[in-house]
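Summary of structural features
Below, each chain spelled out in residue letters.
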Amino acid sequence: MDVGSVPCALPNAQLFMIKQILIFIVSILPTMAFCQTLSATYAVTQDINVVLGGKEKSISLNLKGHFYLKGQRSIYWESPDYLSKYPKGQIVVPTKSGNEIYALNTDTMQMLYYVDLNNLLMRVKPASGLPVEEHKIEKERVLNWEYKSETKTVNGLKCQLATATDQWKVWFCPDIPSRTGLFNISGLPGLVVEAELIPLNAHYTLQSYDTQSDIPEYVFEPGEFRTLAKKESVKTTPEQKDKTKKKQEIIKNNN
């Protein structure tokens, strides 16, 4: 018998250590896939065309984008930096017949998007004066991305270009893995560094990001959700359902 062909058995201690290492690797793989916490801010510029004084005029509005991700929840909104230039929330243009006024959105929290994949729900505030809408979702919404060969470095971050039909043009950084991004962008394997939302003529540039700090719970519970949460609690309270059922029974018995 060839002694060299006899397999060498590992001591129990080594087998135990190998087993523990494999268990550790398997346990951390899900967390290695994407950032578990991520906060990022963006400089946002939106170009709008308005007719003032009988002439069409292009105006650039500056906003600040705020994005937070924690586990399966993410939230994004924009704050209007342009109010420092237009403190009254109006663009006023003098004309021969008087001043023409273009009213701006003065909400402090605009373009609000919240997604909770644990409970499969999304909350959106699409425009000023409208209430927050809540929608049930079946799964995470992923755009059909087309990855380009173009790459560039932005503030030390190596980025790749991706586009989504005629909606998005995005430069993302694969070295900072993120499941979702600003405006509920999903499906890209990295942090959004620069982006263009073509239908809105909006441009986004990353200002800062943090993948280490914890994010407090109140970030995911803005004041805009309070009315919605109150309405939901009234509709879904078991006591309220019992009262409604009893009223229906009383009406049925009296007929």
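Reading the values: rules and limits
- Residues numbered from 1 in each chain as written.
- Predicted model: local features only at pLDDT ≥ 70, side-chain atom pairs only at ≥ 80, totals over all residues.
- Heavy atoms only, no water.
- Core = buried A, V, L, I, M, F, W, Y, C linked by side-chain atoms within 4.5 Å.
- Buried < 20%, exposed > 50% of the residue type's maximum accessible area, 1.4 Å probe, protein only.
- Helix = DSSP H or I, 4+ residues; strand = E, 2+ residues; numbered from the N terminus.
- Contact = heavy atoms within 4.5 Å.
- Pairing = 2+ DSSP bridges.
- Axes fitted to C-alpha atoms, helices over the stretch in contact; angles between N-to-C directions.
- 1 Å grid on protein atoms, 1.4 Å probe; cavity = no way out; pocket = protein on both sides within 12 Å on 5 of 7 lines; lining within 4 Å.
- Points joined across faces, edges and corners; volume = space filled by probe spheres on them.
- Nonpolar A, V, L, I, M, F, W, Y, C, P; charged D, E, K, R; others polar.
- Polar contact = N/O pair within 3.5 Å; in protein donor to acceptor, adjacent residues only side chain to side chain.
- Phe/Tyr/Trp six-rings, centres within 6.5 Å; stacked < 30°, edge-to-face > 60°.
- Lys NZ or Arg CZ within 6 Å of the ring centre and 35° of its normal.

**Regarding the nonpolar core**
- Counting 44 residues, the largest nonpolar core has Y42, W168, V170, L182 and Y204 as its most contacted members.
- Listed by contribution, the elements that provide at least two residues to this core are β1 (37-52), β2 (55-70), β4 (90-95), β10 (157-164), β11 (168-173), β14 (191-197) and β15 (202-210).
- It is β1 that provides the largest number of residues to this core, a total of 7 residues.
- In this structure L182 touches Y42, F67, Y76, W168, V192 and Y204, once residues within four positions along its chain are discounted.
- With 12 residues, the next largest nonpolar core counts M109, Y114, V132 and V219 among its residues.

**Considering the sheet that holds strand β6 (residues 110-116)**
- Read across the sheet, 11 strands follow the order β8-β7-β6-β3-β2-β1-β15-β14-β11-β10-β9 without closing on themselves; strand pairing throughout is antiparallel. Strand pairing shows two members of the sheet lacking a second neighbour, β8 (133-136) and β9 (146-154), which therefore form its edges. Strand-to-strand twist in this sheet, taken as the mean axis angle between neighbours without regard to direction, amounts to 20°.
- Sheet topology note: the strand β3 (residues 73-79)/β6 ladder contains 5 bridges and is antiparallel. Its bridge partner lying in β6, Y76 is registered against Y113.

**A closer look at the layout of surface pockets**
- The space that makes up the largest pocket amounts to roughly 300 Å³.
- Contributing to the lining of the largest pocket are 18 residues, with Q46, Y82, N105, Q110 and M111 lying nearest its centre.
- Secondary structure elements with two or more residues in the lining of the largest pocket: β1, β2, β5 (98-103) and β6.
- Split into classes, the residues belonging to the lining of the largest pocket amount to 11 nonpolar, 4 polar and 3 charged.
- Within this model, the second largest pocket holds a volume of roughly 170 Å³.
- Taken together, Y113, M122, R141, L143, Q167, W168, F183, N184 and L197 form the lining of the second largest pocket.

**A short note on the environment of A127**
- By the secondary structure assignment, A127 is in the loop between β7 (121-125) and β8.
- Considering only alpha carbons, one finds A127 and N105, 22 residues apart in sequence, at a separation of 8.5 Å.

**Thoughts on the side chain of R179**
- Residue placement: R179 occurs in the loop between β11 and β12 (180-181).
- Assessed through its relative accessible area of 13%, R179 is described here as buried.
- Within the local environment of R179, its side chain forms a polar contact with the backbone oxygen of G71, the two atoms lying 3.2 Å apart.

**So, the packing of aromatic side chains**
- Using the criterion set out here, one finds 8 aromatic pairs in the structure.
- Plain terms: the ring middles of Y114 and F225 are 5.5 Å apart, the flat faces sit at 65° to each other, and that makes the pair edge-to-face. In this pair, Y114 is assigned in strand β6 and F225 in the loop between β15 and α2 (226-236), connecting sequence segments 111 residues apart. Note on accessibility: Y114 and F225 belong to one class, buried.
- Between the aromatic rings of Y147 and F172, the centroid separation amounts to 5.9 Å while the plane-to-plane angle is 70°, which identifies the pairing as edge-to-face. Placement of the pair is Y147 in strand β9 and F172 in strand β11, with a sequence separation of 25 residues.
- Residue classification places F172 among the buried residues on the basis of a relative accessible area of 1%.
- Through successive ring pairs, a cluster of aromatic residues spans Y76, Y113, W168, F183 and Y204.
- It is R73 that lies over the ring of F220; its NZ or CZ is 4.6 Å from the centre.

Shape descriptors only; they carry no functional weight alone.
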